[in-house]
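# Summary of structural features
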Amino acid sequence: MQYLHIRTFEKINDSDLLLTVENLENGYYVPETFPEITAADLQKLAQLKPAERISSLLALFFPSFTRKELDEIVGKQFSKIDSLLPLKPFNHYMPLYLAELDKLDSGSIYDYILPLLVQLQAAALRKRQDRRDLILLEHNLGNSSFVALVRALEAVKYDRKLTLYYNPKRINPIVHAAMKKYVNNIILAPVDNALSLPTINLFASRLRHIKSQVALSRSEVNDSKSDSDNSGKTAPAVDLTNEGNLSDYPAPTLSTLDSLSAVLIATALQLAVIAELPLNKADKIHPENKGEISDSPEKGAGDSYRRVNLFLPAKQGYLLLAACYAKVMCPLINKIILSGQKGNMLSELVHNFRFEVKGKHNTFELPVQLERMLFEFSSRDNVKSLAWMNDFAHKGVLQLSLQCRHNINGVISAELYTEKAEEKLLLTIYDRFDLLLPPLSVLAFAGFLKYYEKNQKEDELDVVFVNASIYRYADRVINAIYAPAEIKGRKFKELMQALALESGQLFPQWFIMEQDIPPENIVNNDRYDPEKHKAEFEKIRLEGLTQEEIDNLV
């Protein structure tokens, strides 16, 4: 398995990929080719235990590791993987499955990605007997990604100095303080430095270097055509050290969320979820329905299996790219539907093929995966992808070509919602399905409902990815489902008690730690009457609605 640098076309192996730095400065990698996952392969994977299934898929991307090594790493990190699998149908009539990736140590999908990534990186270092000090720079950490990364790094117990530089602006001060108490083996170094963000302004200032990388790679291609002795020669790295440091802290030595390795781990996770589904048409979707008549398998392997639609919330670009890679690898993946708020760059690009930054565009933060995705959707033409980035850097406008639109349309579609609509959907889906979802994930569910009502075919299955716990967005969930009169004057922990009872979810351990909740305040069903609380809640909530809204409740 080889990986291709999108600016220089240099090739590296999987071990090098794990230990290289991928960022705006150094550029990014993509897989040179993709392994194929057939329907028969998925059925074989379904027979494995969840951890073994994931390690089998990771072996496709990281062949320098033996299966025994991968089984050990995955088994150690995913001891609680049963919280995700097996998947069950959402209800008795929809072909829908919820992939709830919020059940581990920090209540988000990062728990499934980051621990595996840092353990693979540590193992690659040990294989090379590389004992250098490690420096990580993460500019875009939020609460859940910060907690998951710190926990993952702490668990590695690296025997050399390990420093995490990060921008603390997006992290809740309570969460930040709790994690600072948690660490023993790593150094947390908050840096309030705008240059740590991959902004359009920063990109514009580095365009000359990036162009030199691309120009050099093109020159190498031309030379190889005219001189057969140069065949197979890769472009040397461009030395940027003479241009001065971009910041006042050391350069990173490893990448985490910016890395292709994180994308590939997410791809393996998505394929592991798909393998869990009743893909064969001979298998019943709802086995408990005695009257259900299953489809009979038709002739031809491709016709004997159901297709799968993936519904993703639009925030983490690496999950969208991971789904695109999964679709390239697996012909059973049908549609990828991305749902996000208006103004979200990835959603706007997929939906409108155009994005314009409002206001001062030179301080707009670039999505980490943007350049990599533009490279893929331009049919891997780095001159075109760079030209789009160039226009975006100087004009604040990104307009995709017709060819790029066709490439996107063949893989993804997008649904856009306003923030007000998102709040309304939280309440509507709770009323209709007795299901509490966090923001963003509720948009993915709404995207499924729209597709199900208008486009769903009999031989299709649907997976909605729930990427975070409701407790990661507790304030917004509370504001959406409770009447203002109920919230007014209530303390945060009182509202959390009510939310726990409403959702049927006790406080996760990470939430108890981060919020420093005393044991006597932890939800305990022995001390509360859920049925009584439910009745009181319904009465209070209905008081906040108009008669028309009450009549529209399901």
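Reading guide: rules and limits
- Residues numbered from 1 in each chain as written.
- Predicted model: local features only at pLDDT ≥ 70, side-chain atom pairs only at ≥ 80, totals over all residues.
- Heavy atoms only, no water.
- Helix = DSSP H or I, 4+ residues; strand = E, 2+ residues; numbered from the N terminus.
- Contact = heavy atoms within 4.5 Å.
- Areas by Shrake-Rupley, 256 points an atom, 1.4 Å probe, with all protein chains shown as cover.
- Buried < 20%, exposed > 50% of the residue type's maximum accessible area, 1.4 Å probe, protein only.
- Salt bridge = Lys/Arg side-chain N within 4 Å of Asp/Glu carboxyl O.
- Axes fitted to C-alpha atoms, helices over the stretch in contact; angles between N-to-C directions.
- Parallel < 35°, antiparallel > 145°, perpendicular 65-115°, else oblique.
- Left-handed = near helix turned anticlockwise from the far one by under 90°.
- Nonpolar A, V, L, I, M, F, W, Y, C, P; charged D, E, K, R; others polar.
- 1 Å grid on protein atoms, 1.4 Å probe; cavity = no way out; pocket = protein on both sides within 12 Å on 5 of 7 lines; lining within 4 Å.
- Points joined across faces, edges and corners; volume = space filled by probe spheres on them.
- Pairing = 2+ DSSP bridges.

### A look at the overall build of the protein
Summing up its helical and strand segments, the protein has 23 helices and 13 strands in all. The long-range fraction of contacts in the protein, counting pairs at least 24 apart against all pairs at least 6 apart in sequence, stands at 76%. Accessible surface, the protein: about 24,800 Å² in total, of which carbon and sulfur atoms supply 49%.

### Looking at the side chain of S378
When you line up the elements, S378 lands in the loop between α13 (370–377) and α14 (382–395). Discounting chain neighbours no more than four positions away, the residues touching S378 are K384, S385, W388, Q403, C404 and N407.

### With respect to the environment of S378
Under the relative-accessibility criterion, S378 is labelled buried at 2%. Separated by 30 residues in the primary sequence, S378 and I408 place their C-alpha atoms 9.4 Å from one another.

### Some words on the pattern of salt bridges
The full count for this structure, using the stated rule, is 17 salt bridges. E22 is the partner of R372 in a salt bridge, and the nearest nitrogen-oxygen pair spans 2.5 Å. Placement of the pair is R372 in helix α13 and E22 in the loop between α1 (14–19) and β3 (29–31), with a sequence separation of 350 residues.

### Some details on the packing of α13 against α14
α14 packs onto α13 with a crossing angle of 135° between their chain directions and a minimal axis gap of 8 Å. The angle between α13 and α14 falls in the class oblique. The hand of the α13/α14 crossing is right-handed. For the pair α13 and α14, contact is made by L370, E371, L374 and F375 and by N382, S385, W388, M389 and F392, respectively. Within the contact of α13 with α14, the residues separate by chemical class into six nonpolar, two polar and one charged.

### Things to note about the layout of surface pockets
Empty space among the atoms becomes visible once a probe the size of a water molecule is rolled across them. Each pocket or cavity is described by its volume, and for the largest pocket that value is around 1,300 Å³. If you trace the largest pocket, you find 44 residues lining it, with G142, R170, K315, L440 and Y473 closest to the centre. When residues of the lining of the largest pocket are traced back to their parent elements, those giving at least two are α6 (143–156), α11 (317–329), α12 (345–352), α18 (474–481) and α21 (509–515). In terms of residue count, α21 provides more of the lining of the largest pocket than any other element does, four residues in total.

### Let's talk about unusual backbone geometry
Residue F9 is not a glycine yet carries a positive backbone phi of 60°. Note that F9 resides in the loop between β1 (2–5) and β2 (11–13). Classification of F9 as partly exposed rests on a relative accessible area of 23%. Unlike most non-glycine residues, Q129 shows phi in positive territory, near 55°. Mapped onto the elements of the fold, Q129 is located in the loop between α5 (110–127) and β5 (134–138).

### Here's the deal with the sheet that holds strand β4 (residues 96–100)
One open sheet holds the five strands; their spatial order is β4-β13-β8-β9-β12, and the pairing between them is parallel. Each edge of the sheet is formed by a strand with only one pairing partner; in this case those strands are β4 and β12 (412–417). The mean inter-strand angle of the sheet, taken between neighbouring strand axes irrespective of direction, is 20°. Here strand β9 (residues 333–341) runs beside β12; their pairing, made up of six bridges, is parallel. Directly across from S339, in β12, lies its bridge partner E415. Strands in contact with α11 are β8 (307–313), β9 and β12; relative to β9, the strand with the most contacts, it is inclined by about 170°.

### Overview of the sheet that holds strand β6 (residues 162–166)
Read from one edge to the other, the open sheet built from three strands follows the order β5-β6-β7, with strand pairing classed as parallel. One side of each edge strand has no neighbouring strand; the edge strands of this open sheet are β5 and β7 (187–190). If you compare each strand with its neighbour and ignore which way they point, the axes differ by 20° on average. Examined bridge by bridge, β6 and β7 share four bridges and lie parallel to one another. Considered in β7, the bridge of Y166 is made with P190.

### With respect to the environment of T428
Along the chain, T428 falls in helix α16 (residues 419–433). Its relative accessible area of 39% is what places T428 among the partly exposed residues. Counting along the chain gives 52 residues from T428 to A480, while the straight-line C-alpha distance between them is 9.6 Å.

### Overview of the packing of α11 against α13
The contact between α11 and α13 brings their axes to 10 Å, and the two run at 25°. As the angle between them shows, α11 and α13 are arranged roughly parallel. Handedness of the α11/α13 crossing: left-handed. Every residue of α13 that contacts α11 at G317, L320, L321, C324 and Y325 is listed here: R372, M373, E376 and F377. A class-by-class count of the residues in the contact of α11 with α13 yields six nonpolar, one polar and two charged.

### Brief notes about empty space enclosed by the protein
By the definition in use, this model includes two cavities of 30 Å³ or more. Computed from the structure, the largest cavity encloses a volume of approximately 100 Å³. Along the walls of the largest cavity sit L320, L346, L349, V350, L370, M373, L374, F377, L400, C404, I408 and I412, which together make up its complete lining. Among the elements of the structure, α12, α13 and α15 (402–409) are those that each provide at least two residues to the lining of the largest cavity. Per-element accounting of the lining of the largest cavity gives the leading share, four residues, to α13.

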